[in-house]
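# Coordinate analysis (summary)
So the chains spell out like this:
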Amino acid sequence: MPSTLSHGCSSLLAAALLCLLPGCVEPMPPSPPVAVEESFWNGDYMSGKPSIRISLSQQRAFFYKDGQLAGMSRISSGREGLDTVTGKFKIIEKDIDHVSSLFGDYVDANGNVIQKDVDTSKDPKPKGAIYDGAKMPYFMRIVGGTGMHEGYLPGYAASHGCIRMPGFMAAAFFHAVELGTPVSIEP
């Protein structure tokens, strides 16, 4: 720490001395630090047994290989009233082209939306309507109807209980897990 501090002071002193010269222009302030990438994947170059830890309070999923962090993803978990379950689970199903059987839209024969964001367990289907299930690419089922998959990330918990991820992260997690991969979901 002292060498960094003394280096910073000597730089300031040098800048101050330069300003005594004719035509001196005030030095530019240092650039602000670059923000750390919110999601990353380094797992392709790592080996070891996979595991996943999901932090609902941080809205992040962490992927490990033999205990070493291989990737981290922003998530959107279940909103209030449709909370994501917590506990210790395992990946019990993988489906790259999964479609929800519970949440989606009612559409007409031409695909025009008649009723948006329906829950088939509560919303009766209008006469002549067709159910169009929500697309959940790279679905990794954890428990019941809950899984991780590609989806919309508004910056807060907003799903029906699943763990949504950016597409490139859902694909990376999907290809790196196997059935039985441990998943810990924490509040």
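All values reported here derive from a predicted model rather than from experimental measurement.

Another aspect to go through is the overall build of the protein. Along its length, the protein carries two helices and 11 strands. Burial analysis of the protein (187 residues in total) assigns 35% to the buried set.

Of the pairings in the sheet, the one linking strand E6 (residues 93–107) to strand E7 (residues 113–119) comprises four bridges and is antiparallel in character. Residue pairing for E7: Gly-104 is matched across the bridge by Val-118. The turn linking E6 back onto E7 is made up of five residues, and Gly-111 within it adopts a positive phi angle of 90°.

For an α-helix the count is 3.6 residues per turn, leaving residues at separations of three or four pointing the same way. A large share of helix H2 (residues 167–176) lies buried, amounting to seven of its 10 residues. Turning to H2, its buried residues are Met-169, Ala-170, Ala-171, Ala-172, Phe-173, Phe-174 and Ala-176.

Pairing between the strands of a sheet comes from backbone hydrogen bonds, and it takes one of two forms, parallel or antiparallel. Taken in spatial order, the five strands of this open sheet run E7-E6-E8-E9-E10, and their pairing is mixed. Both outer strands of the open sheet, E7 and strand E10 (163–165), are each paired with one neighbouring strand and no more. Looking at each pair of strands side by side, their axes are set apart by 45° on average, direction ignored. Alignment of strand E8 (residues 130–143) against strand E9 (residues 146–150), held across three bridges, turns out to be antiparallel. Residue pairing in the sheet places Arg-141 in a bridge with Gly-147 of E9. Across the face of the sheet, H2 comes into contact with E6, E8, E9 and E10 while running at roughly 50° to E8.

Grouped together as the largest cluster of nonpolar side chains are 24 residues, with contacts concentrated most on Ile-54, Ile-142, Met-148, Met-165 and Phe-173. For this core, the secondary structure elements donating two or more residues are strand E2 (50–55), strand E3 (60–65), E8, E10, H2 and strand E11 (182–186). Each residue touching Met-165, except ones within four places of it in the same chain, is listed here: Ala-61, Ser-73, Arg-74, Ile-75, Met-148, His-149, Glu-150, Gly-151, Leu-153, Ala-170 and Phe-173.

This brings us to the side chain of Arg-164. If you trace the backbone, Arg-164 turns up in strand E10. For the buried Arg-164, no salt bridge is present, and the opposite-charge side chain at shortest range is Asp-117, 7.5 Å distant. A polar contact of 3.5 Å, which involves the side chain of Arg-164, links it to the backbone oxygen of Ala-158. Excluding residues within four positions of it along the chain, Arg-164 makes contact with Arg-74, Ile-75, Ser-76, His-149, Gly-151, Tyr-152, Leu-153, Pro-154, Ala-158 and Ser-159.

Glancing now at the confidence of the model for the protein. A residue-level look at the protein finds 80% of positions with pLDDT of 70 or above and a mean pLDDT of 85. This stretch, residues 1–36, has a pLDDT under 50; its non-local contacts, to residues over four places away or in other chains, come to five contacts.

As a further point, take the pattern of salt bridges. Counted by the stated rule, this structure contains five salt bridges. Its salt-bridge partner being Arg-60, residue Glu-38 comes within 4.0 Å of it at the nearest N-O pair. One end of the pair, Glu-38, is in the loop between helix H1 (2–18) and strand E1 (40–41); the other, Arg-60, is in strand E3, with 22 residues separating them in the sequence. The class of Arg-60 is partly exposed, set by a relative accessible area of 22%. When the shortest N-O distance is used, the salt bridge between Arg-141 and Glu-93 registers 2.5 Å. Residue Arg-141 is found in strand E8, and its partner Glu-93 is found in strand E6; the two are separated by 48 residues along the sequence.

As for its placement among the helices and strands, Ser-184 is situated in strand E11. Once you skip the residues sitting within four places of it in the chain, Ser-184 turns out to touch Ile-52, Arg-53, Ile-54, Gly-87 and Lys-88.

Rules behind the numbers
- Residues numbered from 1 in each chain as written.
- Predicted model: local features only at pLDDT ≥ 70, side-chain atom pairs only at ≥ 80, totals over all residues.
- Heavy atoms only, no water.
- Helix = DSSP H or I, 4+ residues; strand = E, 2+ residues; numbered from the N terminus.
- Buried < 20%, exposed > 50% of the residue type's maximum accessible area, 1.4 Å probe, protein only.
- Pairing = 2+ DSSP bridges.
- Axes fitted to C-alpha atoms, helices over the stretch in contact; angles between N-to-C directions.
- Contact = heavy atoms within 4.5 Å.
- Core = buried A, V, L, I, M, F, W, Y, C linked by side-chain atoms within 4.5 Å.
- Lys, Arg positive; Asp, Glu negative; His and termini not counted.
- Salt bridge = Lys/Arg side-chain N within 4 Å of Asp/Glu carboxyl O.
- Polar contact = N/O pair within 3.5 Å; in protein donor to acceptor, adjacent residues only side chain to side chain.
- pLDDT = per-residue confidence, 0-100.

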